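# Examination of the molecular architecture
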Amino acid sequence: EAYQHFLRGRNLFYQRQNMDQAIDDLQFAVDTDPGFAEAWAYLGAAQAVTSGGGYPTRHNRTELNALAGLSLDRALEIDPSIPLALSLKGRLLFSVGEIEAGLALMEEAVTEWHPDSSPRLWLGLTFAEIGYLDRGLPLFEAAYARDPMVPINSGYLGYVYGAVGQEAEAIRLVRRAVELADNGGNTYWTMLLAADAVHRGDSVAAGELFDIVTTLGAPALHPGWEGVLAAVDDPAQRAAALDALPDATADQVDWLLAMALILGDADRVFQHVGQATLSGLNAVRLGAWLPGMEWLREDPRFMGVQWSYVIDYWRQHGFPPGCSAVESPDGPRLDCGVRQP
């Protein structure tokens, strides 16, 4: 019975659907079989993803994050070699400034063959967040090759292909991510690529991506979406579209952040990012490396969106390819003038 609950919880985790049910199933598995190391690992993963992502939950996100660390510790006490637990423990260490130790654990987690694609995905995501797309790309490809039916594997690979200029394949993959989710979700990467297409002036790609969001993601329920689309078609309507956006409430701030990225309103982006979930914050960190988003990554405020220890890491190990730090009247900022897809 514990194993049946584990299988259902693990599947929900992979699909990023009904995360509260995933947590309940995995909690049942460890309550029933306290020595079930893999169930503890997936419970910690589900708790961590739900605490930081834009997924609806009845749980307190801060408490979930603390519980995730405890669940991962329990998994590693039972079996110190579980790749999923090692990887996520490393990501948690990275997030509190222990970059070297965190990356070492995450890299250890991908050295051995394992059917779980998450460790490769998370290491790729960590590199991508800090601008090392050249190191993230092969990891995203490996995660996708290992399990192409997991929606986020398609989504993140689509994102990084967009960042390196493989636009047609990027659009195909983010469409697939939404189709696999089968719940109107997972438009995260589609919105990022749409914002990039708008700012590159590629109306054809932007139209394809907006069509994915509109037909598969059901965004018509979100206030301001129609106005944003109208402003993309006619820049004269931009001010009106921005004025029509509602105040940023906790349940809508990530969505409003995405619309501000599409409309290129840097003030709103940096205002909303302070209220956003970790998922929303990472939309800015990831979106900044797309080709058309130089206005975002070269804004001095972007340095504040990165963790201070990431900037220290850049100074020690090298800035993202094509980028350097320069002084500006508003403080240090990135200069990525020679950055190429």
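Please refer to the structure placed before this passage.
In this report, the structure presented in the accompanying data block is examined. The model shown is predicted, which means the values in this text are computed figures rather than measured ones. (Residues numbered from 1 in each chain as written. Predicted model: local features only at pLDDT ≥ 70, side-chain atom pairs only at ≥ 80, totals over all residues. Heavy atoms only, no water.)

With that out of the way, let us pick up the overall build of the chain. Within the chain, the secondary structure is distributed over 20 helices and 2 strands. A compact globule built from 341 residues should have a C-alpha radius of gyration of about 20 Å, and the chain, at 20 Å, falls within 12% of that. Taken along the three principal axes of its C-alpha coordinates, the chain extends 60 × 45 × 35 Å. Of all 341 residues assigned to the chain, the portion counted as buried reaches 54%. Look at the contacts in the chain between residues 6 or more apart in sequence, and 57% of them connect residues 24 or more apart. Entry remark: accessible area of the chain is about 14,100 Å², with carbon and sulfur atoms responsible for 51%. Counting 23 positive and 45 negative side-chain charges, the chain places the centres of these two groups 2 Å from one another. (Helix = DSSP H or I, 4+ residues; strand = E, 2+ residues; numbered from the N terminus. Rg over C-alpha atoms; globule rule 2.2 N^0.38 Å. Buried < 20%, exposed > 50% of the residue type's maximum accessible area, 1.4 Å probe, protein only. Contact = heavy atoms within 4.5 Å. Areas by Shrake-Rupley, 256 points an atom, 1.4 Å probe, with all protein chains shown as cover. Lys, Arg positive; Asp, Glu negative; His and termini not counted. Charge placed at Lys NZ, Arg CZ, Asp CG, Glu CD.)

This part takes up the environment of L261. Tracing the chain through its elements places L261 in helix α15 (residues 253-263). Separated by 241 residues in sequence, L261 and D20 have C-alpha atoms that sit 29 Å apart. Those residues in contact with L261 that sit more than four places away from it in its chain are L192, A195, H199, V269, A283, M293, W295 and L296.

Taken as a whole and assessed by the stated rule, the structure comprises 18 aromatic pairs. Taking 5.8 Å as the distance between ring centres and 80° as the angle between the ring planes, the aromatic pair formed by Y188 and W189 counts as edge-to-face. Judged by relative accessible area, W189 falls into the buried class, the value being 3%. With a centroid separation of 5.7 Å and an interplanar angle of 80°, the aromatic rings of W289 and F302 are classed as edge-to-face. Highlighted residues: W289 in the loop between α17 (278-287) and α18 (294-297) and F302 in helix α19 (residues 300-305), separated in sequence by 13 residues. For the pair shown, W289 and F302 are each scored as buried. The rings of Y3, F6, F13, Y14, F36, Y42 and W122 are connected pair by pair, giving a single aromatic cluster. (Phe/Tyr/Trp six-rings, centres within 6.5 Å; stacked < 30°, edge-to-face > 60°.)

Turning our attention to the packing of helix α6 (residues 99-109) against helix α7 (residues 118-129). As a packed pair, α6 and α7 sit with axes 9 Å apart at the nearest point and diverge in direction by 145°. Our pair here, α6 against α7, has a crossing hand that is left-handed. Residues L103, M106, E107 and A109 of α6 form the contact with α7, whose participating residues are P119, W122, L123, T126 and F127. The residue makeup of the contact of α6 with α7, split by class, is 7 nonpolar, 1 polar and 1 charged. (Axes fitted to C-alpha atoms, helices over the stretch in contact; angles between N-to-C directions. Left-handed = near helix turned anticlockwise from the far one by under 90°. Nonpolar A, V, L, I, M, F, W, Y, C, P; charged D, E, K, R; others polar.)

This paragraph deals with the nonpolar core. Counting residues in hydrophobic clusters, the biggest one holds 121 residues, and the most contacted among them are F13, W122, Y159, W225 and W314. It is helix α3 (residues 37-52) that provides the largest number of residues to this core, a total of 10 residues. Here W314 is in contact with I130, Y132, W289, M303, Q306, F319, P320 and L334, once residues within four sequence places are set aside. (Core = buried A, V, L, I, M, F, W, Y, C linked by side-chain atoms within 4.5 Å.)

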